[in-house]
Amino acid sequence: MKKIFLFFIVFQLTACGELQQVVNQLPQGTGNGTLDIAAGLREALDLGIDKQVSKLTQEDGFFENELVKILLPEELQKVDKTLRDVGLSKLADEGLKVLNRAAEDAVSEATPIFINAVKGITFNDARSILLGKDDAATQYLTSTTKTALYAKFNPVIKNSFEKVGADQIWNNLITKYNSIPLTKNVNPDLTDYVTQEALNGVYKMIAVEEKQIRTKVSSRTTDLLRKVFVLQD
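The rules behind each value
Residues numbered from 1 in each chain as written. Predicted model: local features only at pLDDT ≥ 70, side-chain atom pairs only at ≥ 80, totals over all residues. Heavy atoms only, no water. Phe/Tyr/Trp six-rings, centres within 6.5 Å; stacked < 30°, edge-to-face > 60°. Helix = DSSP H or I, 4+ residues; strand = E, 2+ residues; numbered from the N terminus. Buried < 20%, exposed > 50% of the residue type's maximum accessible area, 1.4 Å probe, protein only. Lys NZ or Arg CZ within 6 Å of the ring centre and 35° of its normal. Arc of directions from axis to C-beta. Expected span 1.5 Å × (residues − 1). Bend = angle between axes of the 7 residues up to and from the residue. Salt bridge = Lys/Arg side-chain N within 4 Å of Asp/Glu carboxyl O.

Visitor: It is not clear to me how the packing of aromatic side chains should be interpreted in this structure. Could you clarify?
Guide: We describe a pair of aromatic rings using the distance from one ring centre to the other and the angle between the two ring planes. In this structure the tally under the stated criterion is one aromatic pair. Seen from their ring centres, Phe 114 and Tyr 203 are 6.1 Å apart, and the 70° between their planes marks the pair as edge-to-face. Of this pair, Phe 114 sits in helix H6 (residues 110-119) while Tyr 203 sits in helix H10 (residues 191-215), placing them 89 residues apart in sequence. For the residue pair Phe 114 and Tyr 203, the accessibility class agrees, reading buried in each case. In this structure, Lys 69 is placed above the aromatic ring of Phe 63, and the distance from its NZ or CZ to the ring centre is 4.5 Å.

Structural data, given as structure tokens:
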């Protein structure tokens, strides 16, 4: 306990550079009452996954969330606008919805990959994260999971397109668009695009929770979170 008390005194008196030196000297683990920074960061990420990522797997988890709602890629936005201009807004909405439904299906594959990545956080990783930006933990998770998540998401999204009839909907949508006079025909492959957008949405929601924990004491709902994140206040 004396070590913890001494650390907090030093923390209040040091600048950022000195804080780095103090944190570097913290022993690893929880022995002798010292703070386990790695465990705190793991808990924060677990909380983000549980509270935010799980929301995205629900129906309209993407479609009704303006932070992550998947819109058409830039080259297809003219399709959406043109269809609405000629009175086909319902068809355009249906096309957007199936893109988001596919993302919602895919996110259910993310949790096991995230759990493994979170378990792998070392004390040195956590030390850098704690002293980093508001999304440092999210950036760590991105760097350690994005390749594996893409490999999981892509086939799920492709299958989801088939399951919900997105392939038929988009074929109908594009066919109608291409039949409109003076439009340039398009024939997009949306699987990769939706995969990337789904990944972006997942990391964005984790970043939301991370920022809450870093900036709002009330979001630190356990003793461990409070002890660890007070170090970066």
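Visitor: I tried to follow helix H7 (residues 123-130) on my own but got confused; where do I start?
Guide: Note that an α-helix has 3.6 residues per turn; residues three or four places apart therefore point the same way. Within the span of H7, buried status applies to Phe 123, Ala 126, Arg 127, Ile 129 and Leu 130. In an axial view of H7, the angular spread of the buried residues amounts to 165°, which keeps them on one side of the axis.

Visitor: Teacher, can you tell me more about helix H3 (residues 37-56) here?
Guide: Taking 1.5 Å of rise per residue, 20 residues should cover 28 Å, and H3 covers 28 Å from first to last C-alpha, within 8% of that figure. If you look at H3, its biggest bend is around 30°, right at Ile 49.

Visitor: What am I meant to see in the pattern of salt bridges here?
Guide: Two side chains of opposite charge can pair, provided their charged atoms sit close to one another. Under the counting rule described, the total for this entry stands at eight salt bridges. Where Lys 51 meets Glu 209, a salt bridge forms, and the shortest distance between an N and an O atom there is 3.5 Å. With Lys 51 in helix H3 and Glu 209 in helix H10, this pair connects stretches of sequence that are 158 residues apart. With a shortest N-O distance of 3.3 Å, Glu 104 and Arg 101 are connected by a salt bridge. Taken as a pair, Glu 104 and Arg 101 lie in helix H5 (residues 89-107) at a separation of three residues, close to a single helical turn. The exposure class of Arg 101 is buried, given its relative accessible area of 17%. Bridged by salt links that share partners, the residues Glu 59, Asp 60, Arg 101 and Glu 104 form one connected network.

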